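The residues making up each chain are set out below.
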Amino acid sequence: LSFNTNPKNSRVAEFLARDLQEGLGAVVTLHNVEWGTFLTDLDAGRTQLAQLNLGGYDALDFLGVLESTASPSRTRWKNAAYDQALTDLRRAKSTADQLAAIAAAEAVVARERPLIPLFQPVRTHLVRPGLDGFADVSDDLHPARFFVWR
């Protein structure tokens, strides 16, 4: 299991190795490298299993990671039905069409499992009532210029 040097990543990798050993009997060797080497190894296909955080601001950002034309295609997974669903998403003219395309793409991923989601980071914010302009966003950035007190 390859992962980049970071104390949080190390703890997750150690947990994964232990869990795979206990649950499946799989022997997992941990490979901790600095970020640049990690990406080079991943892009060159020199990993069997890698820990990588994925994210995005909308469905297409996240789903686009698995598209066969993604650059770089770190999963090396290809599926024509999935690629077509993302093409349909990009061309969608209505919210209903967007949701249908997202559902089609997610169904392919659920069936084929090209990646294994392990955990979702949780952020908690204590916001005083009366503060407008504070939104829970994926990048966890909250520019004060958008805050307004009522």
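Throughout what follows, the structure given in this document is the object of discussion. (Residues numbered from 1 in each chain as written. Predicted model: local features only at pLDDT ≥ 70, side-chain atom pairs only at ≥ 80, totals over all residues. Heavy atoms only, no water.)

So, the overall build of the protein
Within the protein, the regular secondary structure consists of five helices and four strands. When the helices and strands of the protein are read in sequence order from the N terminus, they spell out β-α-β-α-α-α-α-β-β. Here the protein has a C-alpha radius of gyration of 19 Å; the compact-globule value for 150 residues is 15 Å, and the former is much larger. Considered along the principal axes of its C-alpha atoms, the protein spans approximately 55 × 40 × 30 Å. Counting every position in the protein, which comprises 150 residues, the buried fraction comes to 25%. (Helix = DSSP H or I, 4+ residues; strand = E, 2+ residues; numbered from the N terminus. Rg over C-alpha atoms; globule rule 2.2 N^0.38 Å. Buried < 20%, exposed > 50% of the residue type's maximum accessible area, 1.4 Å probe, protein only.)

Re the environment of Leu131
Topologically, Leu131 is positioned in strand β3 (residues 131-132). Separated by 19 residues in sequence, Leu131 and Arg150 place their C-alpha atoms 6.4 Å apart. Residues in contact with Leu131, not counting those within four places in the same chain, are Phe147, Val148 and Trp149. (Contact = heavy atoms within 4.5 Å.)

A word on the environment of Ala105
Checked against the element boundaries, Ala105 lands in helix α5 (residues 95-112). When residues no more than four places from it in sequence are discounted, the contact partners of Ala105 are Leu63, Tyr82, Ala85 and Leu86.

Quick word on the packing of aromatic side chains
Taken as a whole, this structure holds three aromatic pairs when the rule is applied. Ring geometry for Trp35 against Phe38: centres 5.7 Å apart, planes inclined by 25°, an arrangement best described as stacked. Of the two residues, Trp35 and Phe38 both sit in helix α2 (residues 35-44), three residues apart, roughly one turn of that helix. For Trp35, a relative accessible area of 44% puts it in the partly exposed group. (Phe/Tyr/Trp six-rings, centres within 6.5 Å; stacked < 30°, edge-to-face > 60°.)

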